[in-house]
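# What the coordinates show
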Amino acid sequence: MSVPVIRAENIAKKYGDFVAVDGISFEVQRGESFGLLGPNGAGKSTTMKMIAAVSTRTSGSLEVLGMDPNTDGPAIRSQLGVVPQEDNLDQELRVRENLITYGRFFGMSHAAVAKRADELLEFAQLTDRAKSKVEPLSGGMKRRLTIARSLMNDPLMLLLDEPTTGLDPQARHILWDRLFRLKEQGTTLVLTTHYMDEAEQLSDRIVVVDKGAIMAEGSPAQLIRQYSSKEVLEVRYGSDKNAPVAKAIADIGERQEILPDRILIYSDNGERDLAEITKRGHHPMTSLVRRSSLEDVFLRLTGRSLVE
Amino acid sequence: MTSVADIKADAEKPRRWGWWYVTELRLREMRGYVSYVVTSSFANPLMYLLALGIGLANLIPEGMEGVPFLVFVAPALLMSTILTVGAEEGMYPVLSGFKWHKIFFAIHATPITPGQIVGGFLVHLTIRFTFTAGVFYGFLVAFGAVPFASGWVMIPIAILGAFSILTPLGAYAARLDDDTGQFALIQRLVVMPMFLFSGTFFPLSQVPDWLEWVGWVSPLWHATQLGRTFSYGAIEPIWLSATHLAVLIAYAVIGGYFMKRAFVARLTR
């Protein structure tokens, strides 16, 4: 096995009494696409900042590209591409200028940044907005520009913190397509997200994080196999009726989760279980049979939903 | 995999020149508001000189400290203009880089260090202050308010003076989570009194004894007095001139040290 690009052992970050990250350990291999999945406030962004060599860890050992971020921050950062959670584009500059000035921070020549900026505007589908100001761009365009900016130095590893939060579905899909191309080219991707579909789309391997600690680790398929069933039947009876009905059908399926608005029945055959419920005279207002997702894994592991 | 030695060799250029890349960025950003810088650089001295040189000076025909009033007040006008710009630049642009535009976080995601961000910020302002002070000096010479040959020394003194107020304010602004009126308060309770009681329009000795301390702690008074010795050869003991210089350097350097520390703390939080 090759040398991991990230090796985190028991890393922790404390702000006074508040523990943001509570001793987590993981490794990321070169070329891998690695996701940190968890709800807001789980410590994902803090972990990301420690990897990005912009936040000093409180304890534990961390190696990024073979170096310690606490002592070799600038060298590590010279090989990273960072897409932060909030856009921090330079509003006083034009679109193309944002790329040019950023490239200069890596010591690239004026000629090299100009060439690279044009290539990346093409990649980000922003060539026709090169001279535009940043402010009027749509949310999706700003994200694509931020990703283009993060690629100026042709990074060994790209860190993406909640890359599609706040975007509409179409903009998300365009962005996923761009990120998938990078993955195909062999760029190491590390991303945090609280969207299970995003984690499934982009990650080869995921760690599920909650309250600063790792709950589970594996590929999306492995996690679903290990912590959930093949299918999920969702039935709704109305807010005050869900709980009493759940008692009456408790023996159906492998396991159940009773949420305020619906009952989730974990099963290897949702349609069969729905027929059984109906046969017993409990006709739901609405029903849905779907495949298990990472959301179900998270619910199982923490007893809470990802987006609360 | 790229070796650690290769990566460190790659990072060598930004390690040396990072401060200059930040300066480049700030200069490029300045294009957006260059008309403001140029207009105010020309309008400020013109307004001051018309008001004080033609207006107030006529009311004080006997002059001040043995020289015409305009000559007496000219160094103070230059210094107060540049120091006021220095105070402004130490507040909003610093907090903005952390809070509103977050541009300092974007820069720090690259090999650039917090110290280089501060360095580039200050180098850019040196260029800007040199321009503004240079234009002001040109007007003063044109109005016969300072001698051409020795008066130019006021330009570096003004820049030092600007940093002596900018860096302590920058250190403070970098630690603020938000501006809930602090900056307006500083303008009214620090910058304004400094302007009024620092021997600007009249010698500090005219200020009531109980207010004289304002002048002594004020970078503006030290910068102005130093400017006067170079401008019209105001006579003061050499130790006093040395004190003026030492106070300005101390403010700027100690402020710069704390400003850098505040940037490090905020960017590695």
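Everything below is about the structure printed above this text.
Note that the structure is a prediction, hence the values are computed from the model and not measured. (Residues numbered from 1 in each chain as written. Chains lettered and ligands numbered in written order. Predicted model: local features only at pLDDT ≥ 70, side-chain atom pairs only at ≥ 80, totals over all residues.)

## Quick word on the interface of chain B and chain A
Taken together, the contact pairs 32 residues of chain B with 31 residues of chain A. Mapped onto the side of chain B that touches chain A, the elements with two or more residues apiece are α1 (4-10), α2 (12-30) and α5 (103-108) of chain B. For the side of chain B that touches chain A, the leading source of residues is α2 of chain B, giving nine residues. Residues belonging to the side of chain B that touches chain A are distributed by class as follows: 16 nonpolar, seven polar and nine charged. (Contact = placed C-beta atoms within 7 Å. Helix = DSSP H or I, 4+ residues; strand = E, 2+ residues; numbered from the N terminus. Nonpolar A, V, L, I, M, F, W, Y, C, P; charged D, E, K, R; others polar.)

## Quick word on the pairing of strand β12 (residues 263-267) of chain A
All names here are of chain A. Taking burial as the measure, the five residues of β12 include five buried ones, the bulk of the element. Of the two faces of β12, the one holding I263, I265 and S267 and the one holding L264 and Y266 are both buried throughout. Across four bridges, the pairing between strand β11 (residues 255-258) and β12 is antiparallel. When the sheet's bridge partners are listed, Q256 is paired in β12 with I265. Between β11 and the antiparallel strand that follows it, β12, lie four residues. (Buried ≥ 20, exposed ≤ 12 C-beta atoms within 10 Å, placed from the backbone. Pairing = 2+ DSSP bridges.)

## Considering helix α4 (residues 69-98) of chain B
For α4 of chain B, built from 30 residues, the straight-helix expectation of 44 Å at 1.5 Å per residue is met to within 8% by its first-to-last C-alpha distance of 44 Å. In terms of burial, α4 of chain B is a largely internal element, 25 of the 30 residues being buried. (Expected span 1.5 Å × (residues − 1).)

## Focus on helix α6 (residues 169-184) of chain A
All names here are of chain A. With 16 residues, α6 extends 22 Å between its outermost C-alpha atoms, agreeing within 8% with the 22 Å of an ideal straight helix rising 1.5 Å per residue. Considered for burial, the residues of α6 that qualify are R172, L175, L179, L182 and K183. Here the buried residues of α6 occupy an arc of 100° about the axis, which is enough to place them on one side. Among the exposed residues of α6, those pointing more than 90 degrees away from its buried face are Q170, D177, R181 and E184. Summarising the contacts, the buried residues of α6 are in contact with β3 (33-37), α5 (139-150), β6 (157-161), β7 (188-193) and α7 (196-202). One or two steps after α6, the chain reaches G186, where phi turns positive at roughly 95°. (Arc of directions from axis to C-beta.)

## Points about the pairing of strand β8 (residues 205-210) of chain A
The side chains of a regular strand alternate, first on one face of the sheet and then on the other. Residue and element names in this part refer to chain A. Within β8, five of the six residues are buried, which leaves the element mostly enclosed by the surrounding structure. Direction of pairing for β3 relative to β8: parallel, over a ladder of four bridges. What sits directly across from L37, in β8, is V208. Bridge count between β8 and strand β9 (residues 213-218): five bridges; the pairing is antiparallel. Paired with V209 across the bridge in β9 is I214. Adjacent in sequence and paired antiparallel, β8 and β9 are bridged by two residues, among which K211 carries a positive phi angle near 50°.

## Description of the environment of R290 of chain A
Residue and element names in this part refer to chain A. Considering the arrangement of structural elements, one finds R290 in strand β13 (residues 286-291). Separated by 20 residues in the primary sequence, R290 and G270 have C-alpha atoms spaced 7.8 Å apart. Those residues in contact with R290 that sit more than four places away from it in its chain are E231 and V232.

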